Amino acid sequence: MAIFFHAENWPVDIWLQALRKLSPGLDIRLWPDLAGRDDIEYALLWRPRREMLLNLPNLKVIFSLGAGVDHLLGLDTLPPHVPVARITEPDLTSRMSEYIVLHVLGHHRRLREYEALAARHEWRELGQPAAREVRVGILGLGVLGLDAAKKLKMMGFQVAGWSRRAKDVEGIESFAGMDNLDAFLARTDILVCLLPLTPETAGILDYDLFSRLARDGAGKGPVLINAGRGGCQVERDILRALEDETLFAATLDVFETEPLPQASPLWAHERVSITPHNAAPSAPEAICSRILEQIRRFEAGKALEDLVDIRQGY
Ligand code: NDP
Ligand code: OXD
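Residues numbered from 1 in each chain as written. Chains lettered and ligands numbered in written order. Predicted model: local features only at pLDDT ≥ 70, side-chain atom pairs only at ≥ 80, totals over all residues. Heavy atoms only, no water.

1. Details of the packing of aromatic side chains
Inference 1: In total, this model carries seven aromatic pairs according to the counting rule given.
Inference 2: Ring centres 6.3 Å apart and planes at 35° place the aromatic pair Tyr42 and Phe63 in the tilted group. Of this pair, Tyr42 sits in strand β3 (residues 40-46) while Phe63 is found in strand β4 (residues 61-64), placing the two residues 21 residues apart along the sequence.
Inference 3: Among the aromatic residues, ring-to-ring pairing joins Phe5, Trp10, Trp15 and Trp46 into one connected group.
Inference 4: Over the aromatic face of Tyr207 sits the side chain of Arg240, whose NZ or CZ is 3.5 Å from the ring centroid. (Phe/Tyr/Trp six-rings, centres within 6.5 Å; stacked < 30°, edge-to-face > 60°. Helix = DSSP H or I, 4+ residues; strand = E, 2+ residues; numbered from the N terminus. Lys NZ or Arg CZ within 6 Å of the ring centre and 35° of its normal.)

Structural data, given as structure tokens:
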């Protein structure tokens with residue numbers, strides 16, 4: 001049994017070290033040296049190129065090295081009979097919640113404004129609503145959205161989530177489906193996006209959506225935090241909404257094009273915070289350990305966990 005490992009633009013050595021530490025003797029094949037392709041039964045992939053999925057006749061499972069699978073489902077060479085599993089794993093979940101809590105608090109406590117004051121040596125207090133007066137709305141109440149929601153709830157925010165199917169989680173208001181999106185947006189001051197990129201969610205974060213956010217919040221205006229996928233956002237609409245104050249501020253971890261092009265006006269915008277798609281980086285040992293556990297389960301005849309529903313796209 002051999003595995004095919006490919007992680008585009010990631011430091012491969014660290015990943016191979018983690019795999020070898022966790023499973024000494026594992027037969028790992030790297031592109032383009034797949035020699036003996038018939039032996040390859042599992043593929044561990046991040047942003048593979050289309051040709052990498054061809055001619056793997058004995059492939060049993062494809063594992064995404066991240067939580068998102070848009071990098072796989074968009075490939076026309078994805079073998080239709082091979083199951084795809086994604087990552088759900090506590091290390092990645094905690095990292096994402098750290099990011100969401102950090103940035104919700106940053107906007108709530110007006111961190112950028114205080115940094116600007118401090119840069120001018122200006123000792124001045126700005127108004128400060130209580131967390132209980134602030135309504136956070138999370139688009140995508142899945143594994144990551146739900147964990148972030150619970151942690152924000154613990155801090156005292158009013159938290160709601162939007163998903164395809166309604167959720168029953170104590171203390172968190174649940175809105176489901178397009179029919180309830182308006183009501184969800186109308187009660188949201190800080191909008192967090194943790195949606196996967198699918199045909200339904202592509203471009204969902206547009207000017208029309210921003211203009212449906214609450215205008216009566218305790219803060220200075222609606223805020224967007226997107227750590228889902230850049231394909232969910234329309235960047236020219238974010239800029240337009242910031243200009244006319246339909247949005248007050250934005251934190252963006254993901255972009256239509258990554259890395260964010262040098263020429264993007266988002267870089268220099270005084271009310272935009274940018275991070276380089278690292279809200280929840282995949283930590284090699286944690287991710288490899290989870291995938292090897294899945295392979296052991298599969299080899300023992302048990303059902304795979306975290307399977308992707310290819311039709312739904314996530
Ligand atoms: P899940 O599959 O657990 O959750 C996805 C959520 O989105 C679910 O609640 C789902 O609804 C909801 N959803 C999907 N499509 C729609 C739709 N059309 N309308 C309404 N709700 C919808 O995924 P995770 O929480 O594990 O991850 C979410 C995404 O976060 C990943 O796909 C990835 O793109 C991104 N991510 C980003 C990272 C970063 O570093 N920036 C790191 C890791 C992930 P339902 O519950 O009803 O199915
Ligand atoms: C992921 C990511 O999907 O890091 O895990 O974007």
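2. Things to note about helix α8 (residues 235-243)
Inference 1: Considered for burial, the residues of α8 that qualify are Glu235, Asp237, Ile238, Leu239, Ala241 and Leu242.
Inference 2: As for α8, its buried residues are in contact with α7 (207-210), β10 (223-226), β11 (249-252) and β12 (272-274).
Inference 3: In the segment just after α8, Glu245 is the residue with positive phi, at about 65°. (Buried < 20%, exposed > 50% of the residue type's maximum accessible area, 1.4 Å probe, protein only. Contact = heavy atoms within 4.5 Å.)

3. Description of the site of ligand 2
Inference 1: Taken together, Trp46, Gly66, Ala67, Gly68, Arg229, His277 and Ala280 form the complete shell of residues around ligand 2.
Inference 2: Between an oxygen atom of ligand 2 and a side-chain N or O atom of Arg229, the distance comes to 2.7 Å.
Inference 3: Between ligand 2 and the protein, one listed contact pairs an oxygen atom with a side-chain N or O atom of His277 at 2.6 Å.
Inference 4: In isolation ligand 2 offers 210 Å² of accessible surface; the protein chains occlude 88% of this area.
Inference 5: Taken together, the residues of the shell around ligand 2 sort by class into three nonpolar, three polar and one charged. (Near = heavy atom within 4 Å. Polar contact = N/O pair within 3.5 Å; in protein donor to acceptor, adjacent residues only side chain to side chain. Areas by Shrake-Rupley, 256 points an atom, 1.4 Å probe, with all protein chains shown as cover. Nonpolar A, V, L, I, M, F, W, Y, C, P; charged D, E, K, R; others polar.)

4. Quick notes on the sheet that holds strand β2 (residues 27-30)
Inference 1: Strand order in the open sheet made by the five strands is β2-β1-β3-β4-β5, with parallel pairing throughout. The open sheet terminates on both sides in strands that have one partner only, identified here as β2 and β5 (84-85).
Inference 2: Two elements, β3 and β4, share four bridges in a ladder whose sense is parallel. Paired with Leu44 across the bridge in β4 is Phe63.
Inference 3: Packed on one face of the sheet, helix α1 (residues 12-22) meets β1 (2-7), β2 and β3 and runs near 150° to β1. (Pairing = 2+ DSSP bridges. Axes fitted to C-alpha atoms, helices over the stretch in contact; angles between N-to-C directions.)

5. Some details on the pairing of strand β7 (residues 158-163)
Inference 1: Of all six residues in β7, five are buried, a share of seventy percent or more.
Inference 2: Taken together, the five bridges between strand β6 (residues 135-139) and β7 define a ladder with parallel strand orientation. Residue Ile138 lies in a different strand from β7, and its bridge partner there is Gly161.
Inference 3: Once you follow β6 into helix α5 (residues 143-154) and on to β7, the crossover reads as right-handed. (Right-handed = clockwise from strand over helix to strand, strands pointing away.)

6. Section: the pattern of salt bridges
Inference 1: Evaluation of the coordinates by the stated rule reveals 24 salt bridges.
Inference 2: Notably, a salt bridge pairs Glu285 with Lys21, separated by 3.1 Å at the nearest N-O pair. Placement of Glu285 in helix α9 (residues 284-299) and of Lys21 in helix α1 is noted, with a sequence separation of 264 residues between them.
Inference 3: Given the relative accessible area of 35%, Glu285 is considered partly exposed.
Inference 4: Residue Lys21 is classed as exposed on the basis of its relative accessible area, which comes to 58%.
Inference 5: Residues Arg50 and Asp76 are paired through a salt bridge, measuring 3.0 Å at the closest nitrogen-oxygen approach. Of this pair, Arg50 sits in the loop between β3 and β4 while Asp76 sits in the loop between α2 (70-73) and β5; the two residues are 26 residues apart in sequence, bridging distant segments of the chain.
Inference 6: Overall, the relative accessible area of 41% leaves Arg50 in the partly exposed class.
Inference 7: Taking the relative accessible area as the measure of exposure, Asp76 reaches 60% and is therefore exposed.
Inference 8: Three or more residues joined by partner-sharing salt bridges are found here, namely Arg290, Glu293, Arg297, Glu305 and Asp306. (Salt bridge = Lys/Arg side-chain N within 4 Å of Asp/Glu carboxyl O.)

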